[in-house]
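Read off the chains here:
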Amino acid sequence: EPEVTQTPSHQVTQMGQEVILRCVPISNHLYFYWYRQILGQKVEFLVSFYNNEISEKSEIFDDQFSVERPDGSNFTLKIRSTKLEDSAMYFCASNPGTSYEQYFGPGTRLTVT
Amino acid sequence: AQSVSQHNHHVILSEAASLELGCNYSYGGTVNLFWYVQYPGQHLQLLLKYFSGDPLVKGIKGFEAEFIKSKFSFNLRKPSVQWSDTAEYFCAVKGDTGFQKLVFGTGTRLLVSP
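Residues numbered from 1 in each chain as written. Chains lettered and ligands numbered in written order. Predicted model: local features only at pLDDT ≥ 70, side-chain atom pairs only at ≥ 80, totals over all residues. Heavy atoms only, no water.

Asks: Account for the nonpolar core, with residues named and values stated.
Replies: The nonpolar side chains of a soluble globular protein tend to be buried with one another. With 29 residues, the main nonpolar core has B:Leu33, B:Trp35, B:Leu47, B:Leu48, B:Phe74, B:Leu76 and B:Tyr89 as its most contacted residues. Of all the elements in the fold, those that place two or more residues in this core are strand 2 (10-14), strand 3 (19-21), strand 5 (31-38), strand 6 (45-50), strand 8 (64-68), strand 9 (73-78), strand 10 (87-95) and strand 12 (108-113) of chain B. (Core = buried A, V, L, I, M, F, W, Y, C linked by side-chain atoms within 4.5 Å. Buried < 20%, exposed > 50% of the residue type's maximum accessible area, 1.4 Å probe, protein only. Helix = DSSP H or I, 4+ residues; strand = E, 2+ residues; numbered from the N terminus.)

Have a look at this one:
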């Protein structure tokens, strides 16, 4: 069964560094999402992406964040200058556009030191 | 604004016990409702969903949930839990128009002792 994949599984970075989190959504899916979960807190929506543009973003998704679908298969989340409070599990999800179910990847645990 | 409340943060049950996890939502319109499960070390998986129709929905692994519109609730149930049900359970809601974001509850960590 096709799955959403994410790399790396764990990323450690220093404050102020740029990180890129990578996701490969399920092939032929049309809608893409990033969520994050700070340890002990709820899963929070960051951004949704459709037709090569952002369709919705949360107040968390400020100018430090950007998303890209550079080659038709990868979907990336970039954090330009990481802060300690960016430490979280980041989940990618995709949706086929024929139902409302979102399919989640295994997550990338980002640790900012 | 949409919000989801899960009142039980940690639940401990013995095998064969019955399970009910509460979920209440706040949203000013028609909603789609979901329960996701996250087994240790694994990704979020869909257990079941409600879009419309019969308010009692059945999902995978013997789980079911009942949508009660008047109570803004979507509680998850299972008559007899197994050790393998140990996981974290998340209730989520989205508006019923388009492919919008999911709004999640805080999750309930279930531990089933053998």
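Asks: Outline the state of the cysteines, supporting the account with residue identities and numerical values.
Replies: This structure, assessed with the given rule, holds two disulfides over all chains. Residue A:Cys23 pairs covalently with A:Cys92 via a disulfide, S to S 1.9 Å. One quick way to see it: the torsion about the S-S bond of A:Cys23 and A:Cys92 is about -60°, and its sign makes the bridge left-handed. You can see A:Cys23 sitting in strand 3 (residues 19-24) and its partner A:Cys92 sitting in strand 9 (residues 88-95), a full 69 residues away along the chain. The same class applies to A:Cys23 as to A:Cys92, namely buried. Across a sulfur-sulfur distance of 1.9 Å, B:Cys23 and B:Cys91 are joined as a disulfide pair. Judged by the sign of its S-S torsion, about -65°, the cystine formed by B:Cys23 and B:Cys91 is left-handed. Of the two residues, B:Cys23 sits in the loop between strand 3 and strand 4 (24-26) while B:Cys91 sits in strand 10, which places them 68 residues apart along the sequence. Of the two residues, B:Cys23 and B:Cys91, neither departs from the other in class, the shared state being buried. (Disulfide = S-S within 2.5 Å.)

Asks: Give a description of the packing of aromatic side chains that names residues and reports values.
Replies: Summed over the entire model, instances satisfying the criterion amount to 22 aromatic pairs over all chains. With a centroid separation of 5.6 Å and 80° between ring planes, the pair formed by A:Tyr100 and B:Phe51 is classed as edge-to-face. Of this pair, A:Tyr100 sits in the loop between strand 9 and strand 10 (103-104) while B:Phe51 sits in the loop between strand 6 and strand 7 (56-58), which puts the two residues in different chains. You can call B:Phe51 partly exposed: its relative accessible area is 29%. The ring centre of A:Tyr100 lies 3.9 Å from the NZ or CZ of B:Lys94, which sits over that ring. (Phe/Tyr/Trp six-rings, centres within 6.5 Å; stacked < 30°, edge-to-face > 60°. Lys NZ or Arg CZ within 6 Å of the ring centre and 35° of its normal.)

Asks: Could you give an account of the environment of A:Leu21, with specific residues and numbers?
Replies: Residues and elements named next belong to chain A. Here Leu 21 shows up in strand 3. Look at Leu 21 and you get buried, because its relative accessible area is 0%. Expressed as a C-alpha distance, the spacing of Leu 21 and Gln 6, which sit 15 residues apart in the sequence, is 7.6 Å. Setting aside residues up to four positions removed in sequence, Leu 21 forms contacts with Thr 7, Trp 34, Phe 75, Thr 76, Leu 77, Tyr 90 and Thr 108. (Contact = heavy atoms within 4.5 Å.)

Asks: Describe the layout of surface pockets, with residues and values.
Replies: Within this model, the largest pocket holds a volume of roughly 510 Å³. What lines the largest pocket is a set of 26 residues, and nearest its centre among them are A:Gln37, A:Leu39, B:Gln38, B:Glu88 and B:Arg109. The set of elements that each furnish at least two residues to the lining of the largest pocket consists of strand 9 of chain A together with strand 2, strand 10 and strand 12 of chain B. In terms of residue class, the lining of the largest pocket is made up of 12 nonpolar, 11 polar and three charged. Lining the second largest pocket are 15 residues, and of these A:Glu1, A:Tyr103, B:His43, B:Leu44 and B:Gln45 sit closest to its centre. Those elements giving two or more residues to the lining of the second largest pocket turn out to be strand 10 of chain A together with strand 6 of chain B. Tallied by class, the residues present in the lining of the second largest pocket amount to nine nonpolar, three polar and three charged. (1 Å grid on protein atoms, 1.4 Å probe; cavity = no way out; pocket = protein on both sides within 12 Å on 5 of 7 lines; lining within 4 Å. Points joined across faces, edges and corners; volume = space filled by probe spheres on them. Nonpolar A, V, L, I, M, F, W, Y, C, P; charged D, E, K, R; others polar.)

Asks: Quick rundown of the sheet that holds strand 3 of chain A? Include the residues and the values.
Replies: Residue and element names in this part refer to chain A. Strands sit in the order 1-3-8-7 across an open sheet of four strands; the sheet is antiparallel. Two strands bound the open sheet, and with one partner strand each, they are strand 1 (5-7) and strand 7 (65-68). For this sheet, the mean angle separating the axes of adjacent strands, direction not counted, is 20°. Sheet analysis places strand 3 next to strand 8 (residues 75-79), joined by five bridges and oriented antiparallel. For Val 19, the partnering residue across the bridge sits in strand 8 and is Ile 79. (Pairing = 2+ DSSP bridges. Axes fitted to C-alpha atoms, helices over the stretch in contact; angles between N-to-C directions.)

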